[in-house]
Amino acid sequence: MDKPSLLKKAADIKLAVFDVDGVLTDGRLILGESGNEYKAFHVRDGHGLVMLREAGCYIAVITA
């Protein structure tokens with residue numbers, strides 16, 4: 001039996017789980033005037049998550 005192609009394997013993925021720190025962020029913290037911490041995200045990461053969702057993949061984001 002032939003091995004499935006990479007695209008066929010990718011089509012079988014139903015759930016993608018990501019950590020936030022160091023995966024979806026570049027590690028920068030922005031401190032607000034009141035001491036709140038904000039993390040910087042790249043717009044391309046967000047677009048990639050949208051593309052996964054539109055392809056029918058569920059997405060989970062976890063962080064500590």
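Notes on the structure follow.

Conventions and cut-offs
- Residues numbered from 1 in each chain as written.
- Predicted model: local features only at pLDDT ≥ 70, side-chain atom pairs only at ≥ 80, totals over all residues.
- Heavy atoms only, no water.
- Helix = DSSP H or I, 4+ residues; strand = E, 2+ residues; numbered from the N terminus.
- Buried < 20%, exposed > 50% of the residue type's maximum accessible area, 1.4 Å probe, protein only.
- Pairing = 2+ DSSP bridges.
- Patch = residues over 30% accessible without salt bridge, like charges linked within 9 Å, V, L, I, M, F, W, Y side chains within 5 Å.
- Areas by Shrake-Rupley, 256 points an atom, 1.4 Å probe, with all protein chains shown as cover.
- Salt bridge = Lys/Arg side-chain N within 4 Å of Asp/Glu carboxyl O.

Examining the side chain of Thr 25
Working step 1: Looking at the element boundaries, Thr 25 is found in strand β2 (residues 25-31).
Working step 2: Relative accessible area serves as the criterion here: at 11%, Thr 25 is assigned to the buried category.

Overview of the environment of Asp 12
Working step 1: Following the sequence through the fold, Asp 12 ends up in the loop between α1 (6-11) and β1 (15-19).
Working step 2: The exposure class of Asp 12 is partly exposed, given its relative accessible area of 45%.

Things to note about the pairing of β2
Working step 1: Where β2 and strand β3 (residues 37-41) come together, four bridges link them in antiparallel fashion. Paired with Ile 30 across the bridge in β3 is Tyr 38.
Working step 2: Hairpin geometry of β2 and β3 is characterised by an intervening segment of five residues between the two adjacent antiparallel strands and by a positive phi of about 95° at Gly 35.

Examining a nonpolar patch on the surface
Working step 1: On the surface, a cluster of nonpolar side chains totalling about 450 Å² of accessible area is made up of Leu 15, Val 17, Tyr 58 and Ile 62.
Working step 2: Looking at the nonpolar patch, the elements with two or more residues in it are β1 and β4 (58-62).
Working step 3: With respect to the element layout, Val 17 can be found in strand β1.
Working step 4: Given a relative accessible area of 47%, Val 17 falls into the partly exposed group.

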